[in-house]
Amino acid sequence: MEFPKDLKYSKEHEWVRVEDGDTAIIGITDFAQDELGDIVFVEAPKVGRDLKAGESFGVAESVKTVSDLYSPVAGQVIEVNPELEGSPELVNESPFDKGWIIKLKMEDPKELENLLSAQDYRNLAQKG
Amino acid sequence: MSGQSQRGINFTEGEIFGRGAPDREGYTPPRSGLPAIDPESALPAGTLRGQLEGFPSLSEPEVTRHYTRMSQWNFAVDLNFYPLGSCTMKYNPRINEAVARIGGFTTLHPMAPQEQAQGTLQVIDDLEKWLCQISGMDAATLQPAAGAQGELVGLLMIRAALTARGNPRKKVLLPDSSHGTNPASAVYCGYEAVTLPSGPDGRVDMAQLDRLMDDETAALMVTNPNTLGIFESDIIQISKLVHDRGGFIYCDGANLNAFLGKARFGDMGVDVAHVNLHKTFSTPHGGGGPGSGPVVVKQELAPYLPFPVVAQGDDGAYSLEYDRPQSVGRAHGFFGNTGVLLRAAAYILSMGPQGLAQVAEAAVVNANYIRARLGDHYHIPYPGRCMHELVITDKLQSEYGVSTLDIAKALIDRGFHPPTIYFPTITRGAMMIEPTETESLETLDSFCEAMIEIADLAKADPESIKAAPVTTVRTRLDEATAARRPQLRCSLCG
């Protein structure tokens, strides 16, 4: 199971990768996709929507269950992964890369400090 | 093999299209003697359809065999044990069917004058009274066609009552173990669904409830016993706290089988609840439906019940009352699913009060028997006795790469319908097993032996479990591709 060191993590099993200072790329972790099993549908928000930190922005549906997706930081949705509509399996196959879900223009990049490091998230996942 | 799944002949069956021959026919009704009418002269052009390309011409036995063969791929409680947790797949007694087929009920036209519908109206009135007596509530509607519709009707009544008090409020609290329909109903009713985290024992956590229950919360939707099969032993304190802060208690009655005739919603402080006739009261469930989800309420909510309501006049005659200005509206056409109501009424009458109490006793004993027999072979996440259902997990089997899904599939090969899997979602790898009261000790034993055999094989030969099912017409299905790229249209529809 992978826990890339250059990412930030939420307790709700999302990851954040920062680009260009204030762009946050968000997806769900390898642990989360493994727990959910084969993902069959990802419901993403519309571009332009403003999200609060901790707000539900969509849903991941797997053969087992349906799970809400929560935004780890506040910001405006500037892009949604167009591949997921036709190929939701990318979230299983490549959770940290091709399976990204949304990009946000962050309101306050300082919020990243509230998130977990790779090591802290690994501890959380392995405890659960 | 410990079940009874073996069949000498298993037919495969493909699409019916592309079969038959152009001049082949089934039954042809005799000529009526009435003059033929050209449809084009009698109907508007837009309503007429030309020849349906590729529609098969078949003999009657070909059609009969097609559907009968496919029906044999089905599983039913009439075939074997069906321990689907939180669904109460109890046996449907045949006496119910005989009652529902009485001509006076089946030939009643829904538009018939009320004086000609007295029998059906009396059954509705009686069943409402019996459900109120069983649940300890004051009034009922039998209109909702399922539990989820009952939830919506119940929440609409809560909203109406709060609006009458001056503020409908904004939120509904839901334990994280709740049925998925509960938050869906809350949102559908215009409320924000707020999750109430369960305590470590799987029950409502009073401290969390105290923290989250505020003056913008309309109701707590609770299931008792909850979906972990655990009785909410703090229910009196829970309802007191919610009432003190101006909220209502909605109880999802899906698990009523656990305390039928033993305890009542009304005595627990519940304001509104639905009961599932297709679960607790032995009417057909699932493909055998339709369902029925009557809602029972305390007096305060009675003015908001769906209309019309059945009333009995001083002369003993029954009538339908439409003048209900505070009603939330109609929930169903006519009287609800009356065929289901008749079956439930027959069940209640044939069981009697003592019989219904025995249902709860046997349902709880059966679940605890399975729990005791499986406890050495499967991980049981919540300690202590359960009510009418138990939750186990795949924790021990996952060490060998065998998952809950694999165990479920292996049960099919052993002649059993799998339990509910991966629910409740707060328990990883959950299997929720509800045996109901209708199963014999022999059946419970054969199920436990199948489960133990699967647990042994998970260790000794995990591949054999991961390959299951192998005795079915179709073996392991690719559920992910079926959901990702569904092909829902037959070839004829293009």
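No experiment lies behind these values; they were computed from the predicted model shown. (Residues numbered from 1 in each chain as written. Chains lettered and ligands numbered in written order. Predicted model: local features only at pLDDT ≥ 70, side-chain atom pairs only at ≥ 80, totals over all residues.)

Brief notes about the overall build of chain A
Going by this rule: Under the DSSP-based scheme used, a helix requires at least four consecutive residues in state H or I and a strand at least two consecutive residues in state E, with every element numbered from the N terminus. C-beta atoms are first placed from the backbone for all residues, and any pair lying within 7 Å is then listed as a contact.
A tally of regular secondary structure across chain A gives three helices and nine strands. Across chain A, helices and strands are ordered from the amino to the carboxyl terminus as β-β-β-α-β-β-β-β-β-α-β-α. When its C-alpha atoms are laid out on the principal axes, chain A stretches across 35 × 35 × 20 Å. Long-range contacts, defined here as pairs at least 24 residues apart, represent 64% of the contacts in chain A between residues at least 6 apart.

Let's talk about the sheet that holds strand 12 (residues 430-433) of chain B
The criterion, for reference: Any two strands with at least two DSSP-identified bridges between them are counted as paired.
Strand order in the open sheet made by the three strands is 10-12-11 (chain B), with antiparallel pairing throughout. This sheet does not close on itself; its edge strands, each paired only once, are strand 10 (390-393) and strand 11 (420-421) of chain B.

So, the environment of B:Gly329
Residues and elements named next belong to chain B. What counts is decided by this rule: Exposed residues have 12 or fewer other C-beta atoms within 10 Å of their own C-beta, buried residues have 20 or more, and residues in between are partly exposed; the C-beta atoms are placed from the backbone.
Among the secondary structure elements, Gly329 is positioned in the loop between strand 9 (318-321) and helix 10 (338-374). What makes Gly329 exposed here is the crowd of 11 C-beta atoms within 10 Å. Distance from Gly329 to Tyr304, taken between C-alpha atoms, is 8.3 Å for residues 25 residues apart in sequence.

Let's talk about the pairing of strand 8 (residues 309-312) of chain B
Residue and element names in this part refer to chain B. When strand 8 meets strand 9, the two strands line up antiparallel, connected through four bridges. Its bridge partner being in strand 9, Val309 is matched across the sheet by Glu321. Two successive antiparallel strands, strand 8 and strand 9, enclose a turn made up of five residues, where Gly316 displays a positive phi of approximately 90°.

A few points about the interface of chain B and chain A
To keep it simple, the criterion reads: For this classification, the nonpolar set comprises Ala, Val, Leu, Ile, Met, Phe, Trp, Tyr, Cys and Pro, the charged set comprises Asp, Glu, Lys and Arg, and every other residue, Gly included, is treated as polar.
Taken residue by residue, the interface counts six residues in chain B and seven residues in chain A. Split into classes, the residues belonging to the side of chain B that touches chain A amount to three nonpolar, one polar and two charged.

Here's the deal with unusual backbone geometry
Here the amide bond leading from B:Asn224 into B:Pro225 is cis, since omega sits at -10°, within 30 degrees of zero. Of note, the amide linkage connecting B:Phe423 to B:Pro424 takes the cis form, showing an omega dihedral of -5°. With respect to the secondary-structure elements, B:Pro424 resides in the loop between strand 11 and strand 12. The backbone phi angle of A:Asp20 is positive, close to 55°, even though this residue is not glycine. Structurally, the position occupied by A:Asp20 is in the loop between strand 2 (14-19) and strand 3 (23-28). The class for A:Asp20 is exposed, based on 6 C-beta atoms found within 10 Å. The phi dihedral of B:Thr436 falls on the positive side, at around 65°, and the residue is not glycine. With respect to the element layout, B:Thr436 can be found in the loop between strand 12 and helix 13 (441-460). Given 26 C-beta atoms within 10 Å, B:Thr436 falls into the buried group.

Thoughts on the sheet that holds strand 7 (residues 66-70) of chain A
All names here are of chain A. Worth spelling out the cut-off: Whenever a helix is involved, its axis is fitted only over the stretch in contact; in every case the axis is a line through C-alpha atoms, and angles between N-to-C directions fall within 0 to 180 degrees.
Taken in spatial order, the three strands line up as 4-6-7 in an open sheet, and their pairing is antiparallel. Only two strands of the sheet have a single partner each, and these edge strands are strand 4 (39-43) and strand 7. Neighbouring strand axes in the sheet, compared pairwise and without regard to direction, differ in orientation by 25° on average. Pairing of strand 4 with strand 6 (residues 56-62), which is carried by four bridges, proceeds in the antiparallel orientation. Note on strand 6: the bridge partner recorded for Val42 is Ala60.

As for the nonpolar core
For the record, the criterion: Put simply, a nonpolar core is a cluster of buried Ala, Val, Leu, Ile, Met, Phe, Trp, Tyr and Cys residues tied together by C-beta atoms within 7 Å.
Core analysis: the largest hydrophobic core is formed by 113 residues, its most contacted members being B:Met157, B:Ala219, B:Tyr250 and B:Val272. Of the residues forming this core, the biggest block, 15 residues, is contributed by helix 10 of chain B. Ignoring any residue separated from it by four or fewer positions in sequence, one finds B:Val272 in contact with B:Gly154, B:Met157, B:Ile158, B:Phe248, B:Tyr250, B:Val295, B:Val297 and B:Leu301. Within the second largest apolar cluster, 31 residues are counted, among which are A:Ala24, A:Ile26, A:Leu36 and A:Val42.

Some words on the packing of helix 6 (residues 147-165) of chain B against helix 7 (residues 181-188) of chain B
Residue and element names in this part refer to chain B. Here is the rule we go by: Throughout, the term roughly parallel applies to angles under 35 degrees, roughly antiparallel to angles over 145, roughly perpendicular to angles from 65 to 115, and oblique to all others. In a left-handed crossing the near helix is turned counterclockwise from the far helix by less than a right angle, and in a right-handed crossing that turn is clockwise.
Remark: helix 6 packs on helix 7, axes separated minimally by 9 Å, with the N-to-C direction vectors making an angle of 40°. When the interaxial angle is binned, helix 6 and helix 7 end up oblique. Taken as a pair, helix 6 and helix 7 cross one another with a handedness that is right-handed. Contact residues: helix 6 offers Gly147, Ala148, Glu151, Leu152 and Leu155, while helix 7 offers Thr181, Asn182, Ser185, Ala186 and Tyr188. For the contact of helix 6 with helix 7, the class distribution of residues is five nonpolar, four polar and one charged.

Observations regarding the environment of B:Pro39
As for its placement among the helices and strands, B:Pro39 is situated in helix 1 (residues 39-42). Considering only alpha carbons, one finds B:Pro39 and B:Gly202, 163 residues apart in sequence, at a separation of 65 Å.

Let's talk about helix 7 of chain B
Residue and element names in this part refer to chain B. Filter applied, for reference: To be clear, the arc concerns the directions from the helix axis to the C-beta atoms.
Listing the buried residues of helix 7 in full gives Asn182, Ser185 and Ala186. All buried residues of helix 7 project into a common sector of 100° when viewed along the axis, lining one side. Against helix 6, strand 2 (171-175), strand 3 (192-196), strand 4 (217-223) and strand 5 (248-253) lie the buried residues of helix 7. Gly190 sits one or two residues past helix 7 and shows a positive phi near 90°.

A closer look at the confidence of the model for chain B
Residues and elements named next belong to chain B. Keep this limit in mind: Every residue gets a pLDDT, meaning the predictor's confidence in that residue, from 0 to 100.
For chain B, the average pLDDT comes to 93, and 97% of its residues sit at 70 or higher. The low-confidence segment residues 1-6 (pLDDT under 50) makes 18 contacts with residues lying over four places distant or belonging to another chain. Interface scoring of the predicted complex returns ipTM 0.84; its pTM is 0.90.

Observations concerning the packing of helix 5 (residues 118-135) of chain B against helix 10 of chain B
Residue and element names in this part refer to chain B. Contact geometry of helix 5 with helix 10 gives a least axis separation of 10 Å together with a crossing angle of 55°. In this view, helix 5 runs oblique relative to helix 10, as classed from their interaxial angle. In the crossing of helix 5 with helix 10, the sense of the turn from one axis to the other is left-handed. Every residue of helix 10 that contacts helix 5 at Thr120, Val123, Ile124, Asp126, Leu127 and Trp130 is listed here: Thr338, Leu341, Leu342, Ala344, Ala345 and Ile348. The residue inventory of the contact of helix 5 with helix 10, partitioned by class, reads nine nonpolar, two polar and one charged.

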